Amino acid sequence: MYALVDCNNFYVSCERVFAPQLEGRPVVVLSNNDGCLIARSDEAKALGLKMGEPYHLVRPLLEQHRVRVFSSNYGLYGDMSRRVVQVLSRFAVGVEVYSIDEAFLDFRGMGLLEKDLHAYGVRVRDTVKQHTGIPTCVGIAPTKTLAKLANKLARRLGTNGVTLFEHPDQWQQVLAQTPVEEIWGVGRRYAKKLYDLGICTGAALAAMPEHWMRRHLGGVVGQRLWRELHGQPCLEWNPAQWDDDDHLHPAASGRHSVACTRSFGRPQHDAAVLSEAVATFAAKAAEKLRKNGLAAHLVTVILGTSRFAAGPDPSTHTAVVSLPGASYDVSVLTQAALRGLHRLRRPGVAYCRAGVVFSGLETAGQKQLGLFAGTAPDQQRSQRLMATLDGLNAKFGRQLVRLAAAGAAKKPDGKPREPAWAGRSAHRSPLYTTVWDELWQLR
């Protein structure tokens, strides 16, 4: 058996943990640069606010109904997600982090210890709420695909936030009422194809022969979907791993790239400002590499102009820099990223966004050495330096210790420094759990 635990309206819930007076009030969270709506409370959804709507278009409606607006605060959301996963790890032998607000639990064999899995799911939900303040829904089923379906049902009123599928009759009844496009693993292209063939519900899809699914839905992918819908688990299981500091990290085995991209608060054309932005993004992406135990061969730099600007050139430009050997060293990766930026940047052109993507990933301890790679002492020195850098930032604040190319983290007076390229975040809440100067204060 597997359980899927999904945090309800996660970004909104994170904000409400530190502002409990917002319970029952409409709340929305905006995307980077305060562009559009990316999270809505149930009360905001009831007002007709849609996911992805531009903020400037719905602002009058938000003001009319006194909707509380927050800029995205990914530092807070990421730390709250980590706390949720740490609580979940107490209830299962394995936890697979699927996204920032979803995780699968391995309940195989749990029935021998817990006779009532539904009650166990309620304990999971209640404990996460008690320890983190985040409300969740729990779906339990024999496969990950069916657990997704059970979780969707658990979101409905009157289900107590937990749904358990133990017998085929239970999920077949739900499949009969589920549009085929809502089945996990059926994308838009396959959904259109299935509708054209008269297959409109999950039950109709599950009723097709296994060989038909293999033929019409991507070969082995369709075959796996058929088996999952019939209670036969066959999707890969990638549990998160504990490190030496007792921190839980998502599995990186299926990862193909690591990226950090941002839109600027206003267009930038100054070379120094663009270099600082790219160096900052490279450092953040390199930190992700090290947390996941990975090293990268390829560095891709992205620069974007306004898509509405006049001219024949595309709005997004990229440059790829290949490294002689895979690396997670921030200095090596930043130098490569700045070389890519120098190749891309055009004097006088204003850029609205930038980013760094690392690909060609390898496991850090098993990376292929380059012909002209540094000596063993050099590599050991790099490993120690990166471990010390991560340790200092973990203790005193993320990105506090950084390369000079990324700019200073604070002003001379000790206050946080806002770089020129920083995006708009007029409504950001404090980083309550990760920055000393912004810790939650009780009065």
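Residues numbered from 1 in each chain as written. Predicted model: local features only at pLDDT ≥ 70, side-chain atom pairs only at ≥ 80, totals over all residues. Heavy atoms only, no water.

An unreviewed UniProt entry lists the protein under the name UmuC domain-containing protein, with Hymenobacter glacialis as the source organism. The Sequence similarities (unreviewed entry) field of the UniProt record for the protein holds the comment "Belongs to the DNA polymerase type-Y family." (UniProt positions renumbered as here; feature names shortened; annotations may be inferred.)

### Quick look at the sheet that holds strand β1 (residues 2–7)
Overall, mixed pairing links the five strands, which are arranged β5-β6-β1-β7-β8 in an open sheet. On the outer flanks of this sheet lie β5 (95–99) and β8 (162–164), each paired with one strand and no other. The mean angle between the axes of side-by-side strands here comes to 15 degrees, regardless of whether they run parallel or antiparallel. Here β1 runs beside strand β6 (residues 102–106); their pairing, made up of five bridges, is antiparallel. Bridged to Asp-6 within β6 is Glu-102. Seen against the sheet, helix α6 (residues 144–154) touches β1, β5, β6, β7 (136–141) and β8 and runs at an angle of roughly 140 degrees to β7. (Pairing = 2+ DSSP bridges. Helix = DSSP H or I, 4+ residues; strand = E, 2+ residues; numbered from the N terminus. Axes fitted to C-alpha atoms, helices over the stretch in contact; angles between N-to-C directions. Contact = heavy atoms within 4.5 Å.)

### Comments concerning the pattern of salt bridges
Taken as a whole and assessed by the stated rule, the structure comprises 14 salt bridges. One salt bridge connects Glu-63 with Arg-59, and the closest N-O pair in it is separated by 3.3 Å. Of the two residues, Glu-63 and Arg-59 both sit in helix α3 (residues 55–64), four residues apart, roughly one turn of that helix. Across the salt bridge formed by Glu-96 and Lys-144, the nearest N and O atoms sit 2.9 Å from each other. One end of the pair, Glu-96, is in strand β5; the other, Lys-144, is in helix α6, with 48 residues separating them in the sequence. A relative accessible area of 9% places Glu-96 in the buried class. One connected set of salt bridges, linked through shared partners, spans Asp-79, Arg-82 and Arg-83. (Salt bridge = Lys/Arg side-chain N within 4 Å of Asp/Glu carboxyl O. Buried < 20%, exposed > 50% of the residue type's maximum accessible area, 1.4 Å probe, protein only.)

### With respect to the sheet that holds strand β2 (residues 27–30)
One open sheet holds the three strands; their spatial order is β3-β2-β4, and the pairing between them is mixed. Each having just a single partner strand, β3 (37–40) and β4 (68–70) make up the two edges of the open sheet. Going from strand to strand, the sheet's axes swing by 25 degrees on average, the running direction of each strand aside. Across the sheet, helix α1 (residues 10–17) lies against β2, β3 and β4, angled at about 110 degrees from β2, the strand it touches most.

### Brief notes about the pairing of β3
By the bridge criterion, three bridges tie β2 to β3 in an arrangement that is antiparallel. By the bridge assignment, Leu-30 is partnered in β3 with Leu-37. In this antiparallel pair of consecutive strands, β2 and β3, the connection spans six residues, and Asn-33 shows a positive phi of 70 degrees.

### Regarding the nonpolar core
Most often, soluble globular proteins keep nonpolar side chains buried together rather than apart. With 41 residues, the main nonpolar core has Phe-10, Met-80, Leu-88, Leu-105, Phe-107 and Ile-134 as its most contacted residues. Counting residues per element, the ones that place at least two in this core are β1, α1, β2, α4 (74–88), β6, α5 (117–132), β7 and β8. No other element matches the seven residues that α4 contributes to this core. Here this core gathers at least three residues from each of two domains, domain 1 (8–75) and domain 2 (84–230). With 39 residues, the next largest nonpolar core counts Val-273, Ala-326, Ala-337 and Leu-361 among its residues. (Core = buried A, V, L, I, M, F, W, Y, C linked by side-chain atoms within 4.5 Å. Domains from an automatic or database assignment.)

### Structural notes on the domain arrangement of the protein
Per the domain assignment, the segments making up the protein are domain 1 (8–75), domain 2 (84–230) and domain 3 (258–367 + 374–406). Look at where the C-alpha atoms of domain 1 and domain 3 centre, and you get two points 31 Å apart.

### With respect to the pairing of β5
Bridge count for β5 against β6 is four bridges, and the pairing is antiparallel. Across the sheet, the residue bridging to Val-97 is Ala-103, located in β6. Counting the residues between successive antiparallel strands, the hairpin from β5 to β6 contains two residues.

### Focus: the packing of α4 against α5
Across the interface, α4 lies against α5 with an axial gap of 10 Å and an inter-helix angle of 135 degrees. Taken together, the axis directions place α4 and α5 in an arrangement best described as oblique. Handedness of the crossing formed by α4 with α5: right-handed. Seen from α4, the contacting residues are Met-80, Arg-83, Val-84, Val-87 and Leu-88; seen from α5, they are Val-124, Thr-127, Val-128, His-131 and Thr-132. (Parallel < 35°, antiparallel > 145°, perpendicular 65-115°, else oblique. Left-handed = near helix turned anticlockwise from the far one by under 90°.)

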